[in-house]
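# A structural walkthrough
Single-letter residue listing:
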Amino acid sequence: MARRGWRQDELVTGVLAGDRRALARAISLVEDRAPAAEEIVRRVYPDTGRAASIGVTGPPGVGKSSLVSALVGHVRGLDRSVGVVSVDPSSPFTQGALLGDRIRLADHFLDPDVYIRSMGTRGHLGGLAEATLQTLLLVDASGKDVVFLETVGTGQSEVEVIGLVDVVLLVLMPGSGDSVQALKAGIMEIPDVIAVNKMDHPAAKTMLQEVRSIVALDPVRERRPPILLTEALRGEGVPELWGALEERRRGLAERGELEQRRRRNLSGEVEALAVARLRQLARRAMTEDPAVRELVEGVQRREVDPLAAVGAVVDAVTRGPAS
């Protein structure tokens, strides 16, 4: 029995049928790293890959959540079902999401064709929750037509999001030093579409021109992302923004690049997850294997060189736990 009376078969059947309660329970199992979670994801995986996935990233405070809410409203107006996964800052005490479902996207919370999930980063480097990939797969398997992934917008998350979605939307805001830093930090290489939000700001058109000048430096015209002005709270520019996202995804598909991107993304995630597990095993060996622990302490005393200890850690991981 998976949890609270749910059998694994019931959860799998429920997720594939689009049952919100079953989907919520399955995601909770994934977040808790419960033994049943991997089997559930494995069983629903053949039914994934149908949703259009869109990553929404950018510096904090530029209005990503408001823009996602406006996009959800527009997509629902097109009679398409939507999933939203928001990766939020974690509480250092509870390791949970500080910003919950009921705060974000409040206008859509009661819509049966919109599923919203907020996830804590749980200390993961770069701001993406370790369970984000599995969550996206579960939401995809539940039959949603479009899935938005909103990142916390700090550190490496802007770079990591490209490895999880079909297309990436970068949100910037005029008059923001963070947005200028985003331009300087190479984030311009990531997006498929750029939105300059809060179009009423006096510096909005100036920023639009600045971003255009940077985008124009890319010698491959097809790779240059379109740039649009939006006002999320009033919904201005949102239909055009959605059109640009769909056009970008359609172009990738027609050129065969969407399938290539998905294959590359999935391969990269396999590698990332494998490395994460190996790191856990290495840490366990360093604390629980007496021989390895002694070598590490020798390194700390400068009596053993680090590479010798590394070799012992690798040997301990590859041979598995001692019998």
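Just above sits the structure.
One structure accompanies this document, and this report is about it. (Residues numbered from 1 in each chain as written. Predicted model: local features only at pLDDT ≥ 70, side-chain atom pairs only at ≥ 80, totals over all residues. Heavy atoms only, no water.)

### Remarks on the pairing of strand β1 (residues 52-57)
Our working rule: Exposure categories follow from relative accessible area, calculated using a 1.4 Å probe and restricted to protein chains: below 20% of the type maximum is buried, above 50% is exposed, and the middle band is partly exposed. Secondary structure elements follow DSSP: runs of H or I of four or more residues count as helices, runs of E of two or more count as strands, with numbering from the N terminus. Two strands form a pair only when DSSP identifies at least two bridges running between them.
Most of β1 sits out of view: six of its six residues are buried. Along β1, one buried face is formed by Ala52, Ile54 and Val56 and the opposite face, lined by Ser53, Gly55 and Thr57, is buried too. Looking at chain direction, β1 and strand β5 (residues 167-172) are connected through four bridges and run parallel. The partner of Val56 across the bridge, within β5, is Leu169.

### Quick notes on the packing of helix α1 (residues 8-16) against helix α3 (residues 35-44)
For the record, the criterion: Only the stretch in contact is used when a helix axis is fitted, and all axes are lines through C-alpha atoms; the angle between N-to-C directions ranges over 0 to 180 degrees. Each angle receives one of four descriptions, namely roughly parallel if under 35 degrees, roughly antiparallel if over 145, roughly perpendicular if within 65 to 115, and oblique otherwise. Take the far helix as the reference: if the near one is turned anticlockwise from it by less than a right angle, the crossing is left-handed, and if turned clockwise, right-handed. Here, residues are in contact when the closest pair of their heavy atoms is within 4.5 Å.
Orientation of α1 relative to α3, taken along the N-to-C sense of each, is 45°, at an axis distance of 10 Å. Between α1 and α3, the crossing angle belongs to the class labelled oblique. Handedness of the α1/α3 crossing: right-handed. Between α1, through Gln8, Asp9, Leu11, Val12, Val15 and Leu16, and α3, the contact on the second element is made entirely by Ala36, Glu39, Ile40, Arg43 and Val44.

### Some details on the nonpolar core
Just so we agree on the cut-off: Only buried residues count toward a nonpolar core. Its members are Ala, Val, Leu, Ile, Met, Phe, Trp, Tyr and Cys residues joined through side-chain atoms within 4.5 Å.
Counting residues in hydrophobic clusters, the biggest one holds 34 residues, and the most contacted among them are Val15, Leu23, Ile40, Leu138, Val139 and Leu149. Put simply, the parts of the chain that give this core at least two residues each are α1, α2 (20-31), α3, β2 (82-88), β3 (114-120), α5 (132-141) and β4 (146-150). Discounting chain neighbours no more than four positions away, the residues touching Val15 are Ala22, Leu23, Ala26, Val44, Leu138, Ala141 and Ser142.

### Concerning the pattern of salt bridges
The condition is simple: We define a salt bridge as a contact between a side-chain nitrogen of Lys or Arg and a carboxyl oxygen of Asp or Glu at a distance within 4 Å.
The final tally for this structure, using the stated rule, is 19 salt bridges. Of the charged contacts in the structure, one is a salt bridge between Arg80 and Glu246, with a shortest N-O distance of 2.5 Å. Here the residue Arg80 occupies a position in the loop between α4 (64-77) and β2, and Glu246 occupies one in helix α9 (residues 238-254), the gap between them amounting to 166 residues. Exposure remark for Glu246: the relative accessible area of 28% places this residue in the partly exposed category. With its nearest N and O atoms 3.1 Å apart, the salt bridge here joins Arg301 to Glu294. Relative accessible area serves as the criterion here: at 41%, Arg301 is assigned to the partly exposed category.

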